[in-house]
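Each chain, letter by letter, is given below.
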Amino acid sequence: MANKIPRVPVREQDPKVRATNFEEVCYGYNLEEASLEATRCLGCKKPRCVEACPVSVKIPDFIHCIVEGDVAAAARVIAQDSLLPSVCGRVCPQETQCEGACILGVKGEPVAIGKLERFVGDWGREQGVALAEAAPHNGHKVAVVGSGPAGLACAADLAKIGYGVTVFEVLHRAGGVLQYGIPEFRLPKERVVGPEIENVRRLGVKIETDVVVGRTVTVDQLMDEEGFEAVFIGSGAGLPRFMGIPGENLNGVVSANEFLTRTNLMHAYDRQYDTPIYTGGRVVVVGGGNVAMDAVRTAKRLGAEASIVYRRSETELPARREEVHHAKEEGIDFRMLTNPAEILGDERGWVKGIRCVRMELGEPDASGRRSPVEIPGSEFEIPCDVVIMALGTSPNPLIAATTPGLETNRRGCVEATDEGATTREGVFAGGDAVTGAATVILAMGAGRRAAAAIDAYIRSKN
Amino acid sequence: MFKILKKSELAPSIYLMEVEAPRVAHAAQPGQFLIVIVDEKGERIPLTICDYDAAKGTVTIFIQAIGASTMRIAALNEGDGFADFVGPLGQPSELIHYSPERLAATKFMFVAGGLGAAPVYPQVKWLAERGVQADVIIGAKNESLILFEDEFRALTPNVHIATDDGSKGYKGLVTNLLKELVVEQGNRYDCVVAIGPMIMMKFVALTTKELGIPTIASLNTLMVDGTGMCGACRVTVGGKTRFACVEGPEFDAHQVDFDEAMRRQGMYRTIEERRRAAEAERVAGHKCNIGL
Ligand SMILES: Cc1cc2nc3c(=O)[nH]c(=O)nc-3n(C[C@H](O)[C@H](O)[C@H](O)COP(=O)(O)OP(=O)(O)OC[C@H]3O[C@@H](n4cnc5c(N)ncnc54)[C@H](O)[C@@H]3O)c2cc1C
Ligand code: SF4
Ligand code: FES
């Protein structure tokens, strides 16, 4: 019988302290806490949580293993469906997926599935639970473009069944958004991301960094000259969007990608590294997604007074709920129903403020969200030194532009089936490159489905 | 690691390095650039591709020691290497798409200011290999800072020198020399390619606009990734925002907002400068308090 106790709280760093450092915010469960929380699960016959999980992790099964005290078994259950439990446990939007559907959530608090997954992932890694072995090399080579969750998942699955896989990555570190986008305080690089990538390498996957596919080498050259029989494109959606309002090229206006890349990938917050960063004293971040929350909390940690400006209301914020909650605890100022109209500069061309207009919510739009409408005559100014644009991203056109026959849609996303087949034979794609900016779990799932399709394709040709 | 095979000092604090990078060497074309990272703690530094040899698998770059990372690069020796070496990046020069007839019919003038001689060199070489002799103006503060003169003279007879102090060649600005060549000596140019400091490119553009000669400039903006991911390299060209790293680095010079480009180049300067002061103090052996 399930234990009717309240959800076991998770230990976190004190908000006042953590707002000044880059250490991880959430400490996660220890064995005792995880075991107790696990007893809350009802072990539903028709588990709604599993239905709501994009990769159908067998949630009640792994939770049951924790209750039984066999964490290694729990790790193996998760590994059947997910390659990155330590990452997903930390960054998945659980409130709209598994936990949002959990039956306990109807009347009370859902099971802390994310925190349990994280616990199992971390435990498995720290205890060195071996999850998979690579089969002997089958003599076939596959190239993977991009080392984000989509590329890593595809590479790992192919290596496990014997393919020789090389991942080509343009940046100097593997991991995609996990490395350059999501900050240290939410996803530790050395402790979590690094070992996950190491696990993929251990399967025999080669990761070649500093290669720009489309410039250093083209998809055609990989197939015709380097002997790769199939190529998986997991190049993400890295192109930042700007608003097109006056003043956007003033000094002090940056994309969230630039700001986060400087801090995460280039360690600008650490004075031992050479890369500079600029926050002035007051930072305004425009946007309401995970990227906006990451940027604003990073700015705060760098010592700035930091605000979010978002044109809808708080209920529409697309960020994970936990991030919004954490941001508020850390003293981030939220200005909802506010839309920038112009960025104001001083006589030397540096940002001195942002002119905004107040919004109200109108009728629901096509996406079901109530669309914001300007309130006439409501303009006002927010003084600031830096404006960070976190308005979403789209796929980089470079690969499509240099790969004849590879089609994209209006939004620049690679056209691909659910299994990842593109309009070019032998070329597969998945993750943000296909869907536009989405989530880690969806990218990982797409990479795994494409791996299966690539295997079937290569078999059919041989 | 990308190994340095050869290093030479061209002028004070300016070094030429031949680096082993077969993939880049194989793919490079005139007009493109690359990004290097000296070591684990280094910045991503965009550099011009100065020469490349696909057969040998080497790329030649050019580095001026001015910031923390570039000083560490300058300190590297033959046998050392770069942690990272990514490229080629950006669009190749437009001229490589010209038909042979159009190439033969076009009279090119390259205006190279200071370090701009480096990116000009592969273009002039590419043309020379196709039997096209371009004109070149090399501009520098003084004689000791004139780069690549002999290399250019080996490719084309029409190499003009301008120095600020008149220590060699024409005394004065490259723009005045260009004007003199066109207006007084009656030379005809169909295309001017200007590469050098922003301020020089700005004034070359103003001059050629007056003279009615189409002009291309190669913009050395700030960059982080060099692949279109960050927007640090934004420039305004013809009233539109463009990303220099993927859509450039070469643009129609008459359309570029050089004043904005110069201002944006300075975005991190104060911090860099403070950092350099700190580095100097550290070397000098006393504590500093720069309050970043
Ligand atoms: C700041 C931020 C916070 C986020 N927070 C969350 C969150 O909390 N939860 C969540 O689920 N999702 C979050 N996301 C979204 C999530 O990270 C992405 O959906 C996911 O990483 C997509 O994976 P991917 O493998 O498709 O692409 P990416 O992770 O983008 O990886 C693509 C890789 O391909 C490389 N590449 C691109 N072009 C080339 C080329 N031409 N040649 C070689 N390599 C190339 C890129 O450098 C990159 O490393 C966040 C995103 C950002 C930016
Ligand atoms: S829905 Fe909730 S209670 Fe039911 S199996 Fe899933 S986690 Fe357990
Ligand atoms: S340098 Fe980052 S987009 Fe150009």
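Not measured: the values here are computed from a predicted model. (Residues numbered from 1 in each chain as written. Chains lettered and ligands numbered in written order. Predicted model: local features only at pLDDT ≥ 70, side-chain atom pairs only at ≥ 80, totals over all residues. Heavy atoms only, no water.)

A few points about the overall build of chain B
Logical step 1: Helix and strand counts for chain B come out as ten helices and 17 strands.
Logical step 2: For chain B, whose C-alpha radius of gyration is 19 Å, the value lies close to the compact-globule estimate of 19 Å for 292 residues.
Logical step 3: C-alpha atoms of chain B, sized along the principal axes, occupy 60 × 40 × 40 Å.
Logical step 4: For chain B, long-range pairs separated by at least 24 residues make up 63% of all intrachain contacts whose partners lie at least 6 apart in sequence.
Logical step 5: A total accessible area of about 12200 Å² is found for chain B, and carbon and sulfur atoms account for 50% of it.
Logical step 6: Taking the 31 positively charged and 36 negatively charged side chains of chain B as two groups, their mean positions are separated by 4 Å. (Helix = DSSP H or I, 4+ residues; strand = E, 2+ residues; numbered from the N terminus. Rg over C-alpha atoms; globule rule 2.2 N^0.38 Å. Contact = heavy atoms within 4.5 Å. Areas by Shrake-Rupley, 256 points an atom, 1.4 Å probe, with all protein chains shown as cover. Lys, Arg positive; Asp, Glu negative; His and termini not counted. Charge placed at Lys NZ, Arg CZ, Asp CG, Glu CD.)

Things to note about the packing of helix H4 (residues 59–67) of chain A against helix H8 (residues 113–126) of chain A
All names here are of chain A.
Logical step 1: Interhelical geometry of H4 versus H8 gives an angle of 60° and a closest axis separation of 11 Å. It follows from the interaxial angle that H4 and H8 lie oblique. Pair H4 / H8 crosses with left-handed handedness. Contacts between H4 and H8 pair Ile59, Phe62, Ile63 and Ile66 from the former with Ile113, Leu116, Glu117 and Val120 from the latter.
Logical step 2: Considering only residue class, the contact of H4 with H8 consists of seven nonpolar, no polar and one charged. (Axes fitted to C-alpha atoms, helices over the stretch in contact; angles between N-to-C directions. Parallel < 35°, antiparallel > 145°, perpendicular 65-115°, else oblique. Left-handed = near helix turned anticlockwise from the far one by under 90°. Nonpolar A, V, L, I, M, F, W, Y, C, P; charged D, E, K, R; others polar.)

Some remarks on unusual backbone geometry
Logical step 1: Look at the link from B:Gly87 to B:Pro88: it is a cis peptide, with omega at -5°.
Logical step 2: In this structure, B:Pro88 sits in strand E8 (residues 84–89).
Logical step 3: The residue after B:Gly248, namely B:Pro249, is reached through a cis peptide bond having omega 10°.
Logical step 4: Within the element layout of this structure, B:Pro249 appears in the loop between helix H8 (244–247) and strand E17 (250–252).
Logical step 5: Although it is not a glycine, A:Asp210 adopts a positive phi angle of roughly 65°.
Logical step 6: In this structure, A:Asp210 sits in the loop between strand E3 (206–208) and helix H12 (219–224).
Logical step 7: Given a relative accessible area of 5%, A:Asp210 falls into the buried group.
Logical step 8: For B:Ser13, which is not glycine, the phi dihedral falls at a positive 65°. (Buried < 20%, exposed > 50% of the residue type's maximum accessible area, 1.4 Å probe, protein only.)

Describing the sheet that holds strand E2 (residues 164–168) of chain A
All names here are of chain A.
Logical step 1: Pairing in this open sheet of five strands is parallel, and the strands run E3-E2-E1-E4-E16 from one edge to the other. Each edge of the open sheet is held by one strand with a lone partner, namely E3 and strand E16 (427–429). Ignoring strand direction, the axes of neighbouring strands in this sheet form an average angle of 20°.
Logical step 2: Summarising the sheet, strand E1 (residues 141–145) and E2 pair through five bridges and their orientation is parallel. If you follow Val142 over to E2, its bridge partner there is Val165.
Logical step 3: Running over the sheet, helix H18 (residues 440–461) touches E1, strand E4 (230–233) and E16 and is turned about 165° from E4. (Pairing = 2+ DSSP bridges.)

Let's talk about the interface of chain A and chain B
Logical step 1: Across the boundary between the two partners, chain A contributes 45 residues, which contact 46 residues of chain B.
Logical step 2: Interface area lost by chain A to chain B is led by A:Arg215, A:Asn249 and A:Asp274, which between them contribute 21%.
Logical step 3: Taken together, the connections running from chain A to chain B amount to four salt bridges.
Logical step 4: Its salt-bridge partner being A:Glu226, residue B:Arg23 comes within 2.8 Å of it at the nearest N-O pair.
Logical step 5: Here chain A is connected to chain B by 25 residue pairs in polar contact (both at pLDDT 80 or more).
Logical step 6: When contributions to the side of chain A that touches chain B are tallied by element, the ones reaching two or more residues are strand E5 (239–240), strand E6 (253–255) and helix H13 (256–265) of chain A.
Logical step 7: When residues of the side of chain A that touches chain B are assigned to their parent elements, the largest contribution, four residues, is made by H13(A). (Buried area = accessible area lost by both parts, 1.4 Å probe. Salt bridge = Lys/Arg side-chain N within 4 Å of Asp/Glu carboxyl O. Polar contact = N/O pair within 3.5 Å; in protein donor to acceptor, adjacent residues only side chain to side chain.)

Considerations on the domain arrangement of chain B
All names here are of chain B.
Logical step 1: Assigned domains within chain B: domain 1 (2–89), domain 2 (94–218) and domain 3 (219–292).
Logical step 2: Here the C-alpha centre of domain 2 lies 24 Å away from the C-alpha centre of domain 1.
Logical step 3: Contacts between the two partners involve 14 residues from domain 1 and, on the opposite side, 13 residues from domain 2.
Logical step 4: A buried area of about 1200 Å², summed over both sides, lies between domain 1 and domain 2, and 76% of it is on carbon and sulfur atoms.
Logical step 5: Looking only at domain 1, the three residues that lose the most surface to domain 2 are Pro30, Cys50 and Phe62, adding up to 38% of its buried area. (Domains from an automatic or database assignment.)

Topic: the packing of aromatic side chains
Logical step 1: Counted by the stated rule, this structure contains 14 aromatic pairs over all chains.
Logical step 2: Counting every residue linked through ring pairs, the aromatic cluster contains B:Phe62, B:Tyr121, B:Phe148 and B:Phe152.
Logical step 3: The ring of A:Phe185 has A:Arg301 lying over it, and the distance from NZ or CZ to the ring centre is 3.8 Å.
Logical step 4: A cation over a ring is seen here: B:Arg102 above B:Tyr98, with NZ or CZ 3.7 Å from the ring centre. (Phe/Tyr/Trp six-rings, centres within 6.5 Å; stacked < 30°, edge-to-face > 60°. Lys NZ or Arg CZ within 6 Å of the ring centre and 35° of its normal.)

Focus on the domain arrangement of chain A
Residue and element names in this part refer to chain A.
Logical step 1: In terms of domain boundaries, chain A breaks down into domain 1 (2–127), domain 2 (141–236 + 396–461) and domain 3 (242–391).
Logical step 2: The C-alpha-based centres of domain 2 and domain 3 are spaced at 31 Å.
Logical step 3: Of the residues lining the interface, eleven residues belong to domain 2; the matching set on domain 3 comes to 15 residues.
Logical step 4: Summed over both partners, the interface of domain 2 with domain 3 comes to about 1100 Å²; 55% of that surface belongs to carbon and sulfur atoms.
Logical step 5: Counting across the interface, domain 2 meets domain 3 through two salt bridges.
Logical step 6: Asp294 serves as the salt-bridge partner of Arg186, at 2.8 Å between the closest nitrogen and oxygen.
Logical step 7: Partitioned by chemical class, the residues of the side of domain 2 that touches domain 3 number five nonpolar, three polar and three charged.

A few points about the confidence of the model for chain B
If pLDDT is low for a region, its predicted coordinates should not be looked at in detail.
Logical step 1: Confidence along chain B averages 88 in pLDDT terms, with 92% of residues attaining 70 or more.
Logical step 2: Interface confidence for the predicted complex, expressed as ipTM, amounts to 0.88; the pTM equals 0.91. (pLDDT = per-residue confidence, 0-100.)

Here we look at the nonpolar core
Logical step 1: A:Ile59, A:Phe62, A:Val120 and A:Ile454 are the most contacted members of the largest nonpolar core, which totals 72 residues.
Logical step 2: At ten residues, the largest contribution of residues to this core is made by H18(A).
Logical step 3: Structurally, this core is a two-domain feature, drawing no fewer than three residues from each of domain 1 (2–127) and domain 2 (141–236 + 396–461) of chain A.
Logical step 4: Of all hydrophobic cores here, the second largest spans 38 residues; its members include B:Phe33, B:Ala162, B:Leu181 and B:Ala205. (Core = buried A, V, L, I, M, F, W, Y, C linked by side-chain atoms within 4.5 Å.)

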